[in-house]
Amino acid sequence: MSSTESSGDGGKWLDAHYDPVAGIYTFSSCVDLADLSGDGENRLVVGDLGSGSTGMKLKVYRGTALMSESTLLDLPAGLVAFFMDLHEPRIPAVAVASGPCIYVYKNLRPYFKFTLPGLEINTLEQDVWQQVKEGQIDPLTLKEMLESIRKKADVPLSVRSLRFLSLEPQDMDEFVELHKHLPLKRQTVITCIGTLKKNMADEDGVSCLVIGTESSEVFILDPEAFIILSKMLLPAVPTIMDVTGQFDVEFRITVVCRNGNIYILRREMDKPKYCIELSSHAVGLVRVGKNVVVGCTDESLQGFTQKGKKLWKTVLAAPITTMASMDLPTRGFQAVLVGLANCEVQLYRDKNLLSTIKTPDVVTSICFGRYGREDGTLIMTTKGGGLMVKILKRTAAFDDRDGTPGPPLAQSVRLNVPKKTKLYVDQTLRERENGLTMHRAFQMDLSRLRLAAAKAYVKALESSLTPMSSSLTEPLKMNAVVQGLGPSFKLTLNVQNTAACRPVMNLAISFLYDESLYRMRNPYMRIPLLVPGLIYPVETFVECTSDKGISDIIKVFVLHEGRSSPLLTAHINMPVSEGLTLN
């Protein structure tokens, strides 16, 4: 392959091949690279959609030349290369998902066909077709009965009935005569396909097939017997799938569904463990390490953890047409290739744009990997059927901040902070050298703190500023409750004698308040004899006389006859009178 430098990508890629009339119409899910001959050279395997109704083919390219092609019976929904046994030489098989079947090719020849199990048939629908077979009803009556069943039944109609309902009246008789003697079936179809290593993580390890169906189910198939090993149910129809792990150990299946959500399936679980709700529908999903990158229809690229936590989001210049992973194990480099509708392919690592490739047409599929004997090969197909091959230069270097607006580079430079162990050693040396001085300073500060606390406590006791009495002869406790919206408030004081057996008498309660704000009916009240343990409620009414919407503190003093200092004091924060505000 002759190579020339590409001009629209910063000089990081070599243009190896471009054929604008290759006639390849496909998507990224139907493209793969595999060594199909065991000679160490990878081939390009393509599931070609043809015109959409005819010309569907399985094509294999070697270099720039078409090596072989096989006709497919239906539109391919996905294509994967996988090792199905341990036989030598180690040559992978190719599985093509098409309609309700998986066609397995080995040595580029048909090897096995797996068909999805049939679905439950509506009994009413079956009875109606049986009556048609026996000549009891005509096609017009059949149409009315099928439409009634479709509106009311829980089980959907079969493809035959749905096709019959879409026909014109003049075509119904011919359709009924052609199909009434055939058995009625309801079959689902495959929407996406992937591979899962069975028990070894090696590159050439045996892999199971993982398929998503239109009936919102995910099946894991045995690679040799093609029996269903596991079946999982989703809330919606899967469209895109990413699989990682090993079936016998632990695996994780990340599935994008038509309801706009992403579900994560784990081993030995029939239903999803995590759910990621997107703001718009997803058009692509790529796993990078332990995170997943999702492309959405709102022209955005978003990053999530494998448990569904959103990490970042970046807005793109155009709608996304396709996505693929760019993995270079030799360099330890992982990124995401994003094809856009403005004839660009952009390379992202996290939310940072690393490189942009200009293309002559809109790209519909991307595949990156080893092609031939070259590791860093980028293969793209275009909307017009073209085939493009680019090779990554061995001297190419990608900078995380290449061409993206945002904070300066200095902000991402890590500070030269000493290690924690060095800080610990320096601190211990300082403590050894100044241990006596540090201990004296600590003891001095502690003594000052204790002295300040003791002075504040003595002052509170001497002035009776606390709601609990410190007197041994009259140990009292009091709390206050204010009720009402205003301007009149009900003030209840709950007084309790906390002594063991001695009653308290000759007590009174006095209130101190701002007379310009409040008016009290009983500013001075006597308290009857207090029996130990009982709570005595003392009630009075306070009226707010101000219309300014302000409040103040009312001080309550519990006094003993013949003494000037109160036994205890309480400060009541009065609420703002809402009654005056409403008036």
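Residues numbered from 1 in each chain as written. Predicted model: local features only at pLDDT ≥ 70, side-chain atom pairs only at ≥ 80, totals over all residues. Heavy atoms only, no water.

**Section: the overall build of the protein chain**
What counts, and what does not: Secondary structure counts use DSSP, requiring at least four H or I residues in a row for a helix and at least two E residues in a row for a strand, with both numbered from the N terminus. In this description the radius of gyration comes from C-alpha coordinates, and the expected globular size is given by 2.2 Å times residues to the power 0.38. When a residue's accessible area, from a 1.4 Å probe over protein chains only, is under 20% of the maximum for its type it is buried; when over 50% it is exposed; and in between it is partly exposed. Residue contacts are defined here by distance: any two heavy atoms, one from each residue, within 4.5 Å place the two residues in contact. All accessibility values rest on the Shrake-Rupley procedure with a 1.4 Å probe; residue burial counts only the protein chains present in the view. For the purpose of counting charges, residues Lys and Arg are taken to be positive, whereas Asp and Glu are taken to be negative. His and the chain ends are not included. We put the charge of a Lys on NZ, of an Arg on CZ, of an Asp on CG and of a Glu on CD.
A count of helices and strands for the protein chain gives seven helices and 37 strands. Taken against the 2.2 N^0.38 rule, which gives 25 Å for 583 residues, the C-alpha radius of gyration of the protein chain at 41 Å runs more than 25% over that of a compact globule. The dimensions of the protein chain, computed from C-alpha atoms along their principal axes, are 115 × 85 × 50 Å. Relative to its full complement of 583 residues, the protein chain shows a buried share of 44%. Considering only contacts within the protein chain whose residues lie at least 6 apart along the sequence, 48% involve residues at least 24 apart. Surface accessibility of the protein chain: about 31,400 Å² in total, with carbon and sulfur atoms responsible for 53%. The distance from the centre of the 65 positive side-chain charges to the centre of the 64 negative ones in the protein chain is 9 Å.

**Looking at a nonpolar patch on the surface**
Defined as follows: Only residues whose relative accessible area exceeds 30% and that take part in no salt bridge are eligible for patches, with like-charged residues grouped when within 9 Å of each other and nonpolar side chains (Val, Leu, Ile, Met, Phe, Trp, Tyr) grouped when within 5 Å. Any Lys or Arg side-chain nitrogen found within 4 Å of a carboxyl oxygen on Asp or Glu counts as a salt bridge.
Residues Met505, Leu529, Val531 and Leu534 make up a contiguous nonpolar surface patch of about 330 Å² in total accessible area. Position of Met505 among the secondary structure elements: in the loop between β31 (488–497) and β32 (507–512).

**Brief notes about the UniProt feature "domain: Bardet-Biedl syndrome 1 N-terminal" (unreviewed entry) in the protein chain**
Which entries qualify depends on this criterion: UniProt positions are given in the numbering used here, feature names are shortened, and annotations may be inferred rather than shown by experiment.
Mapped onto this structure's residue numbering, the UniProt feature "domain: Bardet-Biedl syndrome 1 N-terminal" (unreviewed entry) falls at residues 13–266. Overall, residues 13–266 shows 17% helix and 41% strand. The separation of its end C-alpha atoms is 39 Å.

**Examining the sheet that holds strand β19 (residues 282–288)**
Short version of the rule: Strand pairing requires that DSSP identify at least two bridges connecting the strands. Axis angles are defined between N-to-C directions and span 0 to 180 degrees, where every axis is a line fitted to C-alpha atoms and, for a helix, only to the segment in contact.
Read from one edge to the other, the open sheet built from four strands follows the order β19-β20-β21-β22, with strand pairing classed as antiparallel. Here the strands that pair on one side only, and so sit at the sheet edges, are β19 and β22 (310–315). The average undirected angle you get between the axes of adjacent strands in this sheet is 20 degrees.

**Here we look at the domain arrangement of the protein chain**
In plain terms, the rule: Residue ranges assigned to the domains are those given by an automatic or database domain assignment.
Each assigned domain of the protein chain is listed with its residue range as follows: domain 1 (123–180) and domain 2 (476–573). Between the C-alpha centres of domain 1 and domain 2 there is a distance of 87 Å.

**Considering unusual backbone geometry**
The phi torsion of most residues other than glycine is negative, and most of the peptide bonds are trans. For the bond running from Glu88 to Pro89, omega is -5 degrees, close enough to zero to count as cis. Here Pro89 is to be found in the loop between β7 (76–82) and β8 (93–98). Residue Ser216 is not a glycine yet carries a positive backbone phi of 65 degrees. Mapped onto the elements of the fold, Ser216 is located in the loop between β12 (207–213) and β13 (217–221). Accessibility expressed as a relative area gives 13% for Ser216, which makes it buried. Phi at Cys343 takes a positive value of approximately 65 degrees, unusual for a residue other than glycine. With respect to the secondary-structure elements, Cys343 resides in the loop between β24 (333–340) and β25 (344–349).

**Quick look at empty space enclosed by the protein**
Threshold: Using a 1 Å grid laid over the protein atoms alone, points where a 1.4 Å probe fits but cannot get out form a cavity; open sets with protein on both sides within 12 Å along at least 5 of 7 lines form a pocket; any residue with an atom within 4 Å of a point counts as lining. Grid points are joined across faces, edges and corners, and a volume is the space filled by probe spheres set on the points. Under the convention adopted here, Pro, Cys and the residues Ala, Val, Leu, Ile, Met, Phe, Trp and Tyr are nonpolar, Asp, Glu, Lys and Arg are charged, and Gly plus all remaining residues are polar.
With the rule as written, the count across this model stands at one cavity of 30 Å³ or more. Roughly 30 Å³ of internal volume is contained in the largest cavity. Forming the boundary of the largest cavity are Leu36, Ile91, Pro92, Ala93, Val94, Tyr105, Asn107 and Leu108. For the lining of the largest cavity, the residue count by class is seven nonpolar, one polar and no charged.

**Points about the sheet that holds strand β36 (residues 553–560)**
Here four strands make up an open sheet; going across it, the order is β34-β32-β36-β37 and the pairing antiparallel. With one partner strand each, in any of the chains shown, β34 (524–527) and β37 (568–573) form the two edges of the open sheet. Averaged over all pairs of adjacent strands, the angle between strand axes in this sheet comes to 20 degrees, irrespective of strand direction. With six bridges connecting them, β36 and β37 associate as antiparallel partners. Residue Lys555 lies in a different strand from β37, and its bridge partner there is His571.

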